[in-house]
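Residues per chain, in single letters:
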Amino acid sequence: MSANRTPPAFRQAGLSDIRHQTSSARKIAKGRHDDTTAPMQPPKEQTLTKSEATRLKILDAAAFVLARKGYAGTRLDDIARVAEMKAGSLYYYFSSREDLVTEVMSIGVNQTSMAVSDKLNALPQGCNSGTRLRTALEAHLLCLIELNDYARANSKLNGQVPKSIQLQHNANEAKYGKLWRKLFRDLETSGTVRSDINFSAIRMFTLGAMAWAVEWYRPENGSPEKLARDFSTFVLDGLRRPD
């Protein structure tokens, strides 16, 4: 599929307003992600088998539809139409709709975690806690609003899916959550921020606010990079200790 135009199957699915982004699927490691609590590793050059390529195409299509229609609004027929397959053929690769949704969400967590971790690891050694939190905020928000279908689907589906999927998703997110707790805790103990606020609650407010960006963001709101910078400035200025 070309990333420069909307494929016919996407127009038929009623999703022609946003271009399909297939590049994110190329970050998926070959096969099932059994270790879903660890960030994905950068992919190695490889030649996919026909079965593996089809599986990636289904995941791409599922992420695209789920990111825009949510859990309740997505049917297997929608995903099959975008993937240019028959709905019944999906069961050859995924045992159920729930199995497919679970994997899309897992990939979304892993891609976002890897993007944030890569940005943090690229910072100079000994970087202060404020800079590290700013970097993480901007990287996370950019993942959600720069048409990363997996990250957007993961954010949109959180809280929409059945309890069995949500429990597994919560387990998958545990390691990424620890990263955010450490970032906020390091800032809290740095001596540069206010001492009269609940940092745990602020962390949850902040992550929740970023999650909603997938619902309202449009290009006319400004560039993703400027929006991310403005948001990180808003958060850190609010936390800074008064002079």
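Caption draft 1: Geometry of the overall build of the chain. Along its length, the chain carries ten helices and zero strands. Starting at the N terminus, the α and β elements of the chain follow one another as α-α-α-α-α-α-α-α-α-α. The proportion of buried residues among the 243 residues of the chain is 47%. Considering only residue pairs separated by 6 or more positions, the chain has 72% of its internal contacts joining residues 24 or more positions apart. When the accessible area of the chain is evaluated, it comes to approximately 12,800 Å², of which 51% is carbon and sulfur surface.

Caption draft 2: Focus on the packing of helix H5 (residues 129-145) against helix H8 (residues 199-211). Here H5 crosses H8 at 30°, and the two axes come no closer than 9 Å. By the angle between their axes, H5 is roughly parallel relative to H8. Every residue of H8 that contacts H5 at Leu 137, His 140, Leu 141 and Leu 144 is listed here: Thr 206, Met 210 and Ala 211.

Caption draft 3: Molecular detail of the packing of H5 against helix H10 (residues 224-239). As a packed pair, H5 and H10 sit with axes 9 Å apart at the nearest point and diverge in direction by 140°. One way to sum up the angle between H5 and H10 is to call them oblique. Handedness of the H5/H10 crossing: right-handed. Mapping the contact onto sequence places Gly 130, Leu 133, Arg 134, Leu 137, Glu 138, Leu 141, Leu 142 and Ile 145 in H5 and Pro 224, Glu 225, Leu 227, Ala 228, Arg 229, Phe 231, Ser 232, Thr 233, Val 235 and Leu 236 in H10. Each residue belonging to the contact of H5 with H10 can be placed in one class, and the counts come to eleven nonpolar, three polar and four charged.

Caption draft 4: Structural context of the packing of aromatic side chains. Following the criterion strictly, the structure yields four aromatic pairs and no others. A ring pair is formed by Tyr 92 and Tyr 93, whose centres lie 4.8 Å apart and whose planes are at 80°; its orientation type is edge-to-face. Tyr 92 gets classed as exposed once you look at its relative accessible area, which sits at 66%. Judged by centre distance (6.4 Å) and plane angle (65°), the ring pair of Trp 216 and Tyr 217 falls under edge-to-face. With relative accessibility at 42%, the residue Trp 216 sits in the partly exposed group. By relative accessible area, Tyr 217 is classed as buried at 13%. An aromatic cluster of at least three residues, connected via ring pairs, comprises Tyr 176, Trp 180 and Phe 184. Cation over ring: Arg 68 sits above Phe 64, and NZ or CZ is 4.0 Å from the ring centre. The ring of Tyr 71 is capped by Arg 97, whose NZ or CZ atom sits 4.0 Å from the centre of that ring.

Caption draft 5: Up close: the environment of Asn 221. With respect to the element layout, Asn 221 can be found in the loop between helix H9 (213-216) and H10. For Asn 221, a relative accessible area of 41% corresponds to the partly exposed category. From its side chain, Asn 221 meets the backbone nitrogen of Arg 218 in a polar contact 2.7 Å long.

Caption draft 6: View of H8. With 13 residues, H8 extends 18 Å from end C-alpha to end C-alpha; this agrees with the ideal 18 Å at 1.5 Å per step. Within H8, the full set of buried residues consists of Phe 199, Arg 203, Thr 206 and Met 210. When H8 is viewed along its axis, its buried side chains cluster within an angular range of 65° and face the same direction. Turning to H8, the residues buried within the fold contact H5, helix H7 (163-188), H9 and H10. Sitting at the head of H8, Asn 198 places a side-chain oxygen 3.0 Å from the backbone nitrogen of Ser 200.

Caption draft 7: Molecular detail of the nonpolar core. Core analysis: the biggest nonpolar cluster contains 30 residues, and Leu 133 and Trp 180 have the highest contact counts within it. Per element, the largest residue contribution to this core is nine residues, and it comes from H5. For Trp 180, the residues in contact, after removing those within four places along its chain, are Leu 133, Ala 136, Leu 137, His 140, Arg 203, Leu 207 and Met 210. If you look at the next biggest cluster of nonpolar residues, it comprises 28 residues, including Leu 56, Ile 79, Phe 94 and Met 105.

Rules used in this analysis
- Throughout this document, residue positions are counted from 1 along each chain, in the order its sequence is written.
- Given that this is a predicted model, residues contribute local features only at a pLDDT of at least 70 and side-chain atom pairs are listed and counted only at 80 or more, while totals for whole chains, interfaces and linings are drawn from all residues.
- Remark: hydrogens and water are excluded; side-chain values derive from all non-hydrogen atoms of the structure.
- Only DSSP runs of H or I with at least four residues qualify as helices, and only runs of E with at least two residues qualify as strands; both kinds are numbered from the N terminus onward.
- Type-normalised accessible area, obtained with a 1.4 Å probe on protein chains alone, sets the label of each residue: buried when under 20%, exposed when over 50%, and partly exposed for intermediate values.
- Two residues form a contact once any of their heavy atoms are found within 4.5 Å.
- Per-residue accessibility takes into account occlusion by the displayed protein chains alone, with areas from the Shrake-Rupley method and a 1.4 Å probe.
- To get an axis, fit a line to the C-alpha atoms, keeping to the stretch in contact for a helix; angles then go from 0 to 180 degrees between the N-to-C directions.
- In what follows, roughly perpendicular refers to angles from 65 to 115 degrees, roughly parallel to angles under 35, roughly antiparallel to angles over 145, and oblique to any angle outside these ranges.
- Less than a right angle of anticlockwise turn of the near helix away from the far helix marks a crossing as left-handed, whereas a clockwise turn marks it as right-handed.
- Note on residue classes: Ala, Val, Leu, Ile, Met, Phe, Trp, Tyr, Cys and Pro are nonpolar, Asp, Glu, Lys and Arg are charged, and everything else, Gly too, is polar.
- Aromatic pairing here means that ring centres of Phe, Tyr or Trp (its six-membered ring) are within 6.5 Å. Orientation follows from the plane angle: under 30 degrees is stacked, over 60 is edge-to-face, and everything else is tilted.
- Both a distance and an angle decide whether a charge sits over a ring: NZ of Lys or CZ of Arg must be within 6 Å of the ring centre and within 35 degrees of the ring normal.
- A 3.5 Å cut-off defines polar contacts: any pair of N or O atoms within that distance qualifies, except that in protein one atom must be a possible hydrogen donor and the other a possible acceptor, and neighbouring residues in sequence count only when both atoms are side-chain atoms.
- What a helix should span is 1.5 Å times the count of its residues minus one.
- Our arc is simply the arc of the directions from the helix axis toward the C-beta atoms.
- In this text, buried Ala, Val, Leu, Ile, Met, Phe, Trp, Tyr and Cys residues form a nonpolar core when linked through side-chain atoms within 4.5 Å.

Just distances and angles here, no functional claims.
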